Each structure stands twice: as structure tokens, then as C-alpha cells.
Amino acid sequence: MDDAGVFAALADPTRWRVLSLLAERGDGTATTLAGELPVSRVAVIKHLAVLDRAGLVESRRRGREVLYTVRPERLDATARWMAGLASEWDARLAAIKRMAEAE
Amino acid sequence: MAPDQIERETTIAAPVERVWTLLTEAEHIGTWFGDAGAEIDLRPGGALVLRWAEHGTVHGEVVAVEPPRRFAYRWAASTAQGDAELVAGNSTLVEFTLAAEHDGTRLRVVESGFAGLDVPEAERASKVEGNTEGWAQELGHLRDHAERVTA
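Rules and cut-offs
Residues numbered from 1 in each chain as written. Chains lettered and ligands numbered in written order. Predicted model: local features only at pLDDT ≥ 70, side-chain atom pairs only at ≥ 80, totals over all residues. Heavy atoms only, no water. Helix = DSSP H or I, 4+ residues; strand = E, 2+ residues; numbered from the N terminus. Buried < 20%, exposed > 50% of the residue type's maximum accessible area, 1.4 Å probe, protein only. Areas by Shrake-Rupley, 256 points an atom, 1.4 Å probe, with all protein chains shown as cover. Axes fitted to C-alpha atoms, helices over the stretch in contact; angles between N-to-C directions. Parallel < 35°, antiparallel > 145°, perpendicular 65-115°, else oblique. Contact = heavy atoms within 4.5 Å. Nonpolar A, V, L, I, M, F, W, Y, C, P; charged D, E, K, R; others polar. Phe/Tyr/Trp six-rings, centres within 6.5 Å; stacked < 30°, edge-to-face > 60°. pLDDT = per-residue confidence, 0-100. Salt bridge = Lys/Arg side-chain N within 4 Å of Asp/Glu carboxyl O.

Enquirer: Before we go on, may I ask you to explain the overall build of chain B in this structure?
Expert: Summing up its helical and strand segments, chain B has 3 helices and 7 strands in all. Counting only residues that meet the buried cut, chain B has 46% of its 151 residues in that class. Summed over its atoms, the accessible surface of chain B is roughly 7400 Å², and 46% of this surface lies on carbon and sulfur atoms.

The following block contains the structure:
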């Protein structure tokens, strides 16, 4: 159910923006991210915790702050999973098409 | 913003009624979908059972039957391995729409609800807005971007 966890983590629009900002900037702290978003630092910390549990970001201490970076592997796995589901549908639709056009 | 659905479609050189029959009758579903037979109680709330020789049985529930335009069901297939019982939070919604086009049928399938799947960290109140680009593409873009900046 890891992929589902990724979807749940990304389903919140603010969280999606937090992750997008991290991807654009390379890294960020709750303070720098809150400076670019219309939400509080506390709210950003909560969103980062959800992204962390979903395996989408990793963190390390830098002085008194925690620095976050994106973990691309998790997104890559989920993107591949979705592409796999889409190609399964393509195969099923192609089978229906063959059957429908056979007679 | 990230959508949580898959959309695919195809054009079929056969009448809508014929495509409807293939989509909704157990005898046919067991051919194009599962490979070891299928059962369907074709009414809203009716049970759907799909069988694969190697992957076991997947359960679903019919959601909408509007012949010959719309057929929808929930199923637990996308996240389950082997035998899977349908329970709230482990299923996605699959919706087929059929439209007459020229002499044939445009068949569209949308599978949605991945974000609503019940996982420990899931926040069920989350809402996802529709987006035709699809998750895979969105995630792929973000992944590419992340790899560039972290390389």
C-alpha cells in the first residue's frame, strides 16, 4: 500500500506545493518554505511530517533547523506503478476492441 | 496540482450496444478482463467477481448501470495481491462511458480514487481536483525535476 500512501500524502494541495517547492529549490526548511506559502511554519512542519512518513522527503539537521530534500525514488516508483496500471487498461480496451470488431 | 486518476480511451468499429454487451456480460468479462471467468450481478450494489488463473480472485461491486452509456464499479484490484475482499477504503472506482461516434463507439475508462485508499497516514478529508494530465505524468515531471536539482 506504499503507493496509496504517496497519493494520500500528495492529495492535499498545500502539501503538493511544499513538495514542488522543495523540488524546485533543491532543499528547504520549515521556515524558508513557510516564507513562500500562505500557511504558518507550524502547518508546514505538519505537512513535512506527512511527506516524510510517505517516504517522499528526507531530513537532516543543519544547526538549529531541519533541512528537507525530496526523495525521488518514491515518486519514481509511484509513477511507474501508475504507468503500469494505465498500460493494463490499454491492453483491456484493446481486447474489447478486438472482440467487438471480430464479428 | 496532482490528480489521482487514470483515463484511457479507444475507438471501436462496432455499435455501442455490442460494446455494452462485451463490457457487462460475465461470459465476455471473463475473457477480456480476468482469464479464469467472471460473475456479475448487473445492477447497482450487485457483486462482481473477477478470476485470474495466476493472480487469484478480485471482488468488486457494481455502482452504475445505465445501458448502453455508462457502467461503473468499485474494485480492490489495483492495490491487492491474490484474493481480495472489497472493503471501504481499499477500492477504486472504474467508470466506462460509451458514446456513438460515426459508425462506431468511443469507449472511455476512468479509474479514480487512489488518494482515498485507506492507509495509516491517509487523510480522508483530502480532495483532489480533476486533471487530465494524469498522475504518472505529474509525478514523472516532479521526479525529473527532483533528480535534476539533487544530482
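That was the structure; now back to the text.
Enquirer: Quick question: what am I supposed to make of the packing of helix 2 (residues 13-25) of chain A against helix 4 (residues 41-53) of chain A here?
Expert: All names here are of chain A. Between helix 2 and helix 4, the shortest axis-to-axis distance is 10 Å and the interhelical angle comes to 75 degrees. Classified by the angle their axes make, helix 2 and helix 4 are roughly perpendicular. Between helix 2 and helix 4, the residues in contact are Thr14, Arg15, Val18, Leu19 and Leu22 and His47, Leu48, Val50 and Leu51, respectively. Counted by class, the contact of helix 2 with helix 4 contains 6 nonpolar, 2 polar and 1 charged residues.

Enquirer: Which parts of the structure should I look at to understand the packing of aromatic side chains?
Expert: The geometry of an aromatic ring pair is captured by two quantities: the separation of the ring centres and the angle between the planes. Summed over the entire model, instances satisfying the criterion amount to 13 aromatic pairs over all chains. With centroids separated by 6.0 Å and ring planes inclined at 50 degrees, the aromatic side chains of Trp89 of chain A and Trp75 of chain B adopt a geometry described as tilted. With Trp89 of chain A in helix 5 (residues 72-101) and Trp75 of chain B in strand 5 (residues 70-75), this pair bridges two chains. By the burial criterion, Trp89 of chain A is buried, and Trp75 of chain B matches it. Considering the side-chain rings of Trp32 of chain B and Phe96 of chain B, the 6.1 Å spacing of their centres and the 90 degrees angle between planes classify their relative orientation as edge-to-face. In this pair, Trp32 of chain B sits in helix 2 (residues 26-32) while Phe96 of chain B sits in strand 6 (residues 92-101), placing the two residues 64 residues apart along the sequence.

Enquirer: Help me understand the confidence of the model for chain B in this model?
Expert: Any residue range with low pLDDT should be treated as having predicted coordinates unsuitable for detailed reading. On average, chain B scores 76 in pLDDT, and the residues at 70 or more come to 66%. Predicted complex, confidence summary: ipTM 0.73, pTM 0.70.

Enquirer: Sorry, what's going on with the pattern of salt bridges here?
Expert: Opposite charge on two side chains lets them pair, provided their charged atoms get close. All chains considered together, the criterion is met by 14 salt bridges over all chains. The salt bridge partner of Glu36 of chain A is Arg25 of chain A, with a shortest N-O separation of 2.3 Å. Here Glu36 of chain A is found in the loop between helix 3 (30-34) and helix 4, whereas its partner Arg25 of chain A is found in helix 2, with 11 residues between them in sequence. Accessibility expressed as a relative area gives 36% for Glu36 of chain A, which makes it partly exposed. For Arg25 of chain A, a relative accessible area of 45% gives the class partly exposed. The partner of Glu66 of chain B in a salt bridge is Arg70 of chain B, with the nearest N and O atoms 2.9 Å apart. Owing to a relative accessible area of 40%, Glu66 of chain B belongs among the partly exposed residues under this scheme. For Arg70 of chain B, a relative accessible area of 25% translates into the label partly exposed.

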